[in-house]
Amino acid sequence: MWVRPVGLEQAQLLARLGARVSLVGRVAPRAEPELAERLRAVFAEDGIGVLEEHAVAVSVDGGEVVVRAASGAAVRAERLLIATGRTARTDGLGLAAAGVDVDERGFVVTDEFQRTTNPRVYAAGDVSGAPQYVYVAAAAGRAAATNALTGPDGPGARVDYTGLPTVVFTNPQLASAGLSEKETLERGHDCRSRVLNLSEVPRALVNRDTRGAVKIVADATTGKVLGVHALADGAGEIMLAATYAIRTGMTVDDLADTWAPYLTMAESLRIAAGLFRNHLPTSCCA
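Draft legend 1. Structural context of the pattern of salt bridges. Counted according to the given criterion, the structure contains 17 salt bridges. The closest approach of N and O atoms between arginine 76 and aspartate 61, which form a salt bridge, is 3.0 Å. Taken together, the residues arginine 76 in strand 7 (residues 74–77) and aspartate 61 in strand 5 (residues 55–61) connect sequence positions 15 residues apart. Judged by its relative accessible area of 41%, aspartate 61 is partly exposed. Classification of arginine 76 as partly exposed rests on a relative accessible area of 45%. Counted as one network, the salt bridges with shared partners bring together Glu32, Glu34, Glu181 and Lys215.

Draft legend 2. Representation of the packing of aromatic side chains in the model. This structure, assessed with the given rule, holds one aromatic pair. Centroid distance tyrosine 133 to tyrosine 135: 5.4 Å. Interplanar angle 5°. Geometry classified as stacked. Residue tyrosine 135 is classed as partly exposed on the basis of its relative accessible area, which comes to 36%.

Draft legend 3. Representation of the sheet that holds strand 6 (residues 64–69) within the structure. Across the sheet, which stays open at both edges, the three strands sit in the order 5-6-7 with antiparallel pairing between neighbours. The open sheet has two free edges, formed respectively by strand 5 and strand 7, since each of these has just one partner strand. Averaged over all pairs of adjacent strands, the angle between strand axes in this sheet comes to 20°, irrespective of strand direction.

Draft legend 4. Here's a closer look at the layout of surface pockets. One number sums up the size of the second largest pocket: a volume of about 880 Å³. Residue assignment for the lining of the second largest pocket shows that the elements contributing at least two residues are strand 1 (2–3), helix 1 (5–16), strand 2 (22–24), strand 5, strand 6 and strand 7. Residues of the lining of the second largest pocket, tallied by class, amount to 22 nonpolar, six polar and five charged.

Rules and cut-offs
- Residues numbered from 1 in each chain as written.
- Predicted model: local features only at pLDDT ≥ 70, side-chain atom pairs only at ≥ 80, totals over all residues.
- Heavy atoms only, no water.
- Salt bridge = Lys/Arg side-chain N within 4 Å of Asp/Glu carboxyl O.
- Helix = DSSP H or I, 4+ residues; strand = E, 2+ residues; numbered from the N terminus.
- Buried < 20%, exposed > 50% of the residue type's maximum accessible area, 1.4 Å probe, protein only.
- Phe/Tyr/Trp six-rings, centres within 6.5 Å; stacked < 30°, edge-to-face > 60°.
- Pairing = 2+ DSSP bridges.
- Axes fitted to C-alpha atoms, helices over the stretch in contact; angles between N-to-C directions.
- 1 Å grid on protein atoms, 1.4 Å probe; cavity = no way out; pocket = protein on both sides within 12 Å on 5 of 7 lines; lining within 4 Å.
- Points joined across faces, edges and corners; volume = space filled by probe spheres on them.
- Nonpolar A, V, L, I, M, F, W, Y, C, P; charged D, E, K, R; others polar.

Have a look at this one:
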């Protein structure tokens, strides 16, 4: 059991509004471990208690909600917010009668062209089990509409997920583009990674907020950038450049030698790339 992005965002929001908040579940388990560790430290600073265990029971005792973990540890609170993610709601649509299959979670099964098991029916967005982001739904919707209107002899539009960016809107933001180090190794890449602390980023020093880091994952042989991950104020803004770098096949040397505007968080991408040269690169004048 893990705390999903909405749970992380709501926990910090409520804590900063003055509520005492406790989280039950693993914090950001899909994030790079170096960044998840820093995010836990930020939550501790905000007074958010974290019990990184699997919840097994919920009860009410004396007007309080009691959440009990597998180890026997318990958290008591006045209110319980359950952020379990989204599931497909396809029951009652008569999909079986239309020859449209769903998977074990209820999501509509589609091929790479957004076509369902009924070749005349297309599906896109959250219902298809794709990553649940509005920009993914928009891209899949365009592909589905194009293919539905042009038929099998059309261009065969499909969605390319290479360098897909994601952002969790905590403060600081937790963002990523492309593959994590774990995913890279699972796919058979021999990779290298470097982590840049925000204390080495001029913009973070000016902001007086050096909580966080930037991590780059690259192919060990070619230096090609495979993934970029950040915990930082404005981390989501960094991911657009990261996505461009990944989709165009840039190497860490390309990134290190590319212009970056001074006193921006985006400059951290260039500085982090320079770490692959085994020394700490400097900003333009700091």
